[in-house]
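So the chains spell out like this:
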Amino acid sequence: MKKIIVPVDFSIHSENALETAAFLAKKNNAEVVVVHMLELSNALVNQSDAFSNQETFFYLKLAEKKFKEFLQKEYLSDIKVTPIIKHFKIFSELDQLAREENVDLIVMGSKGADGLKEMFIGSNTEKVIRHAHVPVLVVKEKAIAKRIEKIVFACDFSDDDVTPYLEAKTFFKKTGGTIQLVYVSTPSTKFKSSREIEEKMKQFFEKANEDASAIEKVEIVFDYTVENGVLYFANKSDADVIAVATHGRKGVSHFFEGSISEDIANHSKLPIISFKI
């Protein structure tokens, strides 16, 4: 990992994300690209008269001053930090910037969303997870600044999960973390016998080039939803991070089918990292 991007809005949530990015940057000798979204109205930006230009310049300079002060953190010492100010919507264009900067990871803070707001608007976190082509680490109540030892990886042992699982193993190797695979059986899950589940796991580990004995370390949880099962086990096992694979569904298909990874990201108090399928 060479580059980490962190969107900030000067809130405590984005500060938690920045401190986490600094921790990971030191582990990987990586650069941190810190992005502030300057929320100017399109009308103001597009007007050409002198007054509007002066107003735009004023807001830009104000943001630069606040940005510079925000980055005066001791934990950023000895890290290459590149500050960028952009005028765009975080969820729709952050991935474009990540591609331009050749970024390996997005770290962002979030307080989540729920109720009607979640259904009709969604959080910026959801939208970043949906659009990003690189892993997205969502930091919640506090920064990760000392260790990442226990990682719970939600897995259904489908072929789609093989690559995200291998990416997660590579990612957490630098932190010295151990991945615990968890499979959640729900009432809506098509019934599988123990033998069928074991066979599915065996095929998964073969494709991941791992010994079939790894099956013995898989945790099977029974709950009403996958989300509830994963969150229950992660809290019970005192995990540091929850890892999930995501299809990144968009548009109508996302509205009707939803996304387990985004639901977990919204409702978990633990940090979440998503790996794109």
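These lines cover the structure that appears in this document, whether it is placed above or below.

Rules of the game
- Residues numbered from 1 in each chain as written.
- Predicted model: local features only at pLDDT ≥ 70, side-chain atom pairs only at ≥ 80, totals over all residues.
- Heavy atoms only, no water.
- Helix = DSSP H or I, 4+ residues; strand = E, 2+ residues; numbered from the N terminus.
- Buried < 20%, exposed > 50% of the residue type's maximum accessible area, 1.4 Å probe, protein only.
- Contact = heavy atoms within 4.5 Å.
- Areas by Shrake-Rupley, 256 points an atom, 1.4 Å probe, with all protein chains shown as cover.
- Salt bridge = Lys/Arg side-chain N within 4 Å of Asp/Glu carboxyl O.
- Axes fitted to C-alpha atoms, helices over the stretch in contact; angles between N-to-C directions.
- Parallel < 35°, antiparallel > 145°, perpendicular 65-115°, else oblique.
- Left-handed = near helix turned anticlockwise from the far one by under 90°.
- Expected span 1.5 Å × (residues − 1).
- Core = buried A, V, L, I, M, F, W, Y, C linked by side-chain atoms within 4.5 Å.
- Pairing = 2+ DSSP bridges.
- Lys, Arg positive; Asp, Glu negative; His and termini not counted.
- Polar contact = N/O pair within 3.5 Å; in protein donor to acceptor, adjacent residues only side chain to side chain.
- Phe/Tyr/Trp six-rings, centres within 6.5 Å; stacked < 30°, edge-to-face > 60°.

## Concerning the overall build of the protein chain
Next up, step 1: Across its full length, the protein chain carries eleven helices and ten strands.
Next up, step 2: Per-residue burial over the protein chain gives 47% buried out of 277 residues.
Next up, step 3: Sequence-distant contacts, at least 24 apart, represent 80% of the contacts inside the protein chain between residues at least 6 apart.
Next up, step 4: As displayed, the protein chain offers around 15100 Å² of accessible surface, 50% of which is attributable to carbon and sulfur atoms.

## Considerations on the pattern of salt bridges
Next up, step 1: Under the definition given, this model contains nine salt bridges.
Next up, step 2: Its salt-bridge partner being Lys169, residue Glu210 comes within 2.5 Å of it at the nearest N-O pair. Of this pair, Glu210 sits in the loop between helix H8 (194–207) and strand S8 (219–222) while Lys169 sits in helix H7 (residues 162–173), placing them 41 residues apart in sequence.
Next up, step 3: For Glu210, a relative accessible area of 19% corresponds to the buried category.
Next up, step 4: Judged by relative accessible area, Lys169 falls into the partly exposed class, the value being 36%.
Next up, step 5: By sharing partners, the salt bridges in this structure join Arg147, Glu149 and Asp240 into a single network.

## Some thoughts on the packing of helix H9 (residues 226–236) against helix H11 (residues 260–267)
Next up, step 1: Their axes nearest at 9 Å, the elements H9 and H11 cross at an angle of 45 degrees. Between H9 and H11, the angle is such that the two are oblique. Once H9 is placed against H11, the crossing between them reads as right-handed. Contact residues: H9 offers Val226, Glu227, Val230 and Leu231, while H11 offers Ile260, Asp263, Ile264 and His267.

## Notes on H7
Every α-helix carries 3.6 residues per turn, so stepping three or four residues along brings you back to the same face.
Next up, step 1: End to end, H7 covers 17 Å across twelve residues, agreeing with the expected 16 Å (1.5 Å per residue, within 8%).
Next up, step 2: Looking at H7, one finds that the buried residues are Val162, Pro164, Tyr165, Ala168, Phe171 and Phe172.

## Looking at the nonpolar core
Soluble, globular proteins show a tendency: their nonpolar side chains are buried together.
Next up, step 1: Counting residues in hydrophobic clusters, the biggest one holds 49 residues, and the most contacted among them are Ile4, Val107, Phe157, Phe172, Leu181, Phe205 and Ile273.
Next up, step 2: By residue number, the principal contributor to this core is helix H1 (residues 12–28), which donates seven residues.
Next up, step 3: The contact partners of Phe205, leaving out residues within four places of it in the chain, are Phe157, Tyr165, Leu181, Glu210, Asp211, Ala214, Ile215 and Val218.
Next up, step 4: With 33 residues, the next largest nonpolar core counts Val35, Leu94, Ala154 and Ala239 among its residues.

## As for the pairing of strand S5 (residues 136–139)
Regular strands have side chains that alternate between both faces of the sheet.
Next up, step 1: The two faces of S5 match: Val136 and Val138 on one face and Leu137 and Val139 on the other face are all buried.
Next up, step 2: Direction of pairing for strand S4 (residues 105–109) relative to S5: parallel, over a ladder of four bridges. Bridging from a neighbouring strand, Gly109 pairs with Val139 of S5.
Next up, step 3: As defined by bridge partners, S5 adjoins strand S10 (residues 272–276) across three bridges and the pair is classed as antiparallel.

## Things to note about unusual backbone geometry
Next up, step 1: If you check the backbone angles, Asp78 has positive phi at about 65 degrees while not being a glycine.
Next up, step 2: Within the secondary structure, Asp78 is located in the loop between helix H3 (50–70) and strand S3 (81–86).
Next up, step 3: Assessed through its relative accessible area of 82%, Asp78 is described here as exposed.
Next up, step 4: One non-glycine residue, Asp238, lies in the positive phi region at around 55 degrees.
Next up, step 5: Summarising the element assignment, Asp238 is placed in the loop between H9 and strand S9 (241–246).

## Focus: the side chain of Lys140
Next up, step 1: Mapped onto the elements of the fold, Lys140 is located in the loop between S5 and strand S6 (150–154).
Next up, step 2: No salt bridge is formed by the buried Lys140, whose closest oppositely charged neighbour, Glu141, lies at an N-O distance of 8.1 Å.
Next up, step 3: A polar atom in the side chain of Lys140 sits 2.6 Å from the backbone oxygen of Ser268.
Next up, step 4: Leave out the neighbours within four places in its chain, and Lys140 touches His13, Asn16, Ser110, Ala265, Asn266, His267, Ser268, Lys269 and Leu270.

## Quick word on the packing of aromatic side chains
Next up, step 1: Taken as a whole, this structure holds ten aromatic pairs when the rule is applied.
Next up, step 2: Plain terms: the ring middles of Phe153 and Tyr165 are 5.9 Å apart, the flat faces sit at 75 degrees to each other, and that makes the pair edge-to-face. Of this pair, Phe153 sits in strand S6 while Tyr165 sits in helix H7, and the two are twelve residues apart along the sequence. The exposure classification of Phe153 matches that of Tyr165, with both residues buried.
Next up, step 3: Following the ring pairs from residue to residue traces out a cluster consisting of Phe153, Phe157, Tyr165, Tyr183, Phe204 and Phe205.

## Quick word on the sheet that holds S10
Next up, step 1: Across the sheet, ten strands lie side by side as S3-S2-S1-S4-S5-S10-S9-S6-S7-S8; this open sheet has mixed pairing. Here the strands that pair on one side only, and so sit at the sheet edges, are S3 and S8. Sheet twist, expressed as the mean angle between neighbouring strand axes with direction ignored, is 25 degrees.
Next up, step 2: Looking at chain direction, S9 and S10 are connected through five bridges and run parallel. Across the sheet, the residue bridging to Ala245 is Phe275, located in S10.
Next up, step 3: Along the sheet, H9 makes contact with S6, strand S7 (178–185), S8 and S9, crossing S7 at roughly 140 degrees.

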